[in-house]
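# Secondary and tertiary structure notes
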Amino acid sequence: MTTVSILYFSGTGHTAKLAEAVHKRAAAVPGVQAELIPLSGDDILKGRYQNEAVLAKLDASDAIIFGSPTYMGGPAAQFKAFADATGGRWYGGAWRDKLAAGFTVSSGPSGDKLSTLHYFFTLAMQHGMLWAGFPETPMNDKGINRLSSYSGVMAQAGQEPADVAPNAADKLTGELLGQRVAVAAARWKR
Ligand SMILES: Cc1cc2nc3c(=O)[nH]c(=O)nc-3n(C[C@H](O)[C@H](O)[C@H](O)COP(=O)(O)O)c2cc1C
């Protein structure tokens, strides 16, 4: 069995909806067990993230897909607190050769989302993980990758009513990221 974890923070629910879309098609890949792992701000004490159970689940994963809203041009502080707590894993090389990928949501069509994806990439490179980008072209009639991001998936929350966003096209884009990473992780494990 190949294990894919979707590790994300969401303040007001938009990133959570995209995470569910990523999970949907990852979980549908034969031989893959996909799990949604939400980060909770309640696990941050005096600025430090502490939840050994979450970190242990990630230790046991073949692929980790990182997700966060873009806040002030980067990942949310809650995600960064989690990332800082992975220092021990970095020291021991625990996450070397796992696959990594990422997704983010923000209000603007750009909103500096690329900075968030690049942060995920840097975190993955520090851990010796292997980054899976997102090669779908925006030339299609379904709105797949309509924001034209190849480093990871971007979705927009500002265009739709809050209870709808991200829209169907962005959720489909997220689904395809989940599928891509799950298929790649299963192949990599073989
Ligand atoms: C503190 C804060 C900073 C934000 N910074 C940005 C930003 O830099 N760019 C942007 O487009 N949207 C920004 N937004 C909007 C959020 O990215 C947007 O509301 C997103 O959908 C939140 O995701 P969530 O519902 O998963 O928390 C910001 C929102 C907050 C609360």
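The structure displayed is predicted, hence computed values, not measured ones.

## Examining the confidence of the model for the protein chain
For any part of a model where pLDDT is low, the fine detail of the predicted coordinates should not be relied upon. For the protein chain, the average pLDDT comes to 97, and 100% of its residues sit at 70 or higher. Helix H4 (residues 87–92) is the least confidently modelled element of the protein chain, averaging 97 in pLDDT, while strand S1 (residues 2–8) averages 99, the highest of any element.

## Focus: the site of the ligand
The ligand sits among 17 residues. The nearest are Ser10, Gly11, Thr12, Thr15 and Met72. Mapped by element, the contributors of at least two residues to the shell around the ligand are helix H1 (14–27), strand S5 (63–71) and strand S7 (99–106). Considering only residue class, the shell around the ligand consists of 5 nonpolar, 12 polar and no charged.

## Some thoughts on unusual backbone geometry
Between alanine 165 and the following residue, proline 166, the backbone shows a cis peptide bond with an omega angle of 0 degrees. Turning to its location among the elements, proline 166 is positioned in the loop between strand S9 (153–156) and helix H6 (168–189). Even without a glycine there, the phi angle at lysine 46 is positive, about 50 degrees. As for its placement among the helices and strands, lysine 46 is situated in the loop between strand S3 (44–45) and strand S4 (48–49).

## Some remarks on the packing of helix H3 (residues 77–84) against helix H5 (residues 113–126)
Contact geometry of H3 with H5 gives a least axis separation of 12 Å together with a crossing angle of 5 degrees. The angle between H3 and H5 falls in the class roughly parallel. Taken together, the residues of H5 that come into contact with H3 (itself represented by Phe79, Lys80 and Ala83) are Tyr119, Phe120 and Leu123. For the contact of H3 with H5, a count of residues per class yields 5 nonpolar, no polar and 1 charged.

## Details of the packing of aromatic side chains
One pass over the structure, following the stated rule, counts 7 aromatic pairs. For the pair tryptophan 90 and tyrosine 91, a centre-to-centre distance of 6.3 Å together with 50 degrees between the ring planes defines the contact as tilted.

## Here we look at H6
For H6, which comprises 22 residues, the first-to-last C-alpha distance of 31 Å matches the rise-based estimate of 32 Å (1.5 Å per residue) to within 8%. Taking the backbone nitrogen of alanine 169 as reference, a side-chain oxygen 3.1 Å away marks asparagine 167 as the first, capping residue of H6.

What counts, and at which threshold
- Residues numbered from 1 in each chain as written.
- Predicted model: local features only at pLDDT ≥ 70, side-chain atom pairs only at ≥ 80, totals over all residues.
- Heavy atoms only, no water.
- pLDDT = per-residue confidence, 0-100.
- Helix = DSSP H or I, 4+ residues; strand = E, 2+ residues; numbered from the N terminus.
- Near = heavy atom within 4 Å.
- Nonpolar A, V, L, I, M, F, W, Y, C, P; charged D, E, K, R; others polar.
- Axes fitted to C-alpha atoms, helices over the stretch in contact; angles between N-to-C directions.
- Parallel < 35°, antiparallel > 145°, perpendicular 65-115°, else oblique.
- Contact = heavy atoms within 4.5 Å.
- Phe/Tyr/Trp six-rings, centres within 6.5 Å; stacked < 30°, edge-to-face > 60°.
- Expected span 1.5 Å × (residues − 1).
- Polar contact = N/O pair within 3.5 Å; in protein donor to acceptor, adjacent residues only side chain to side chain.

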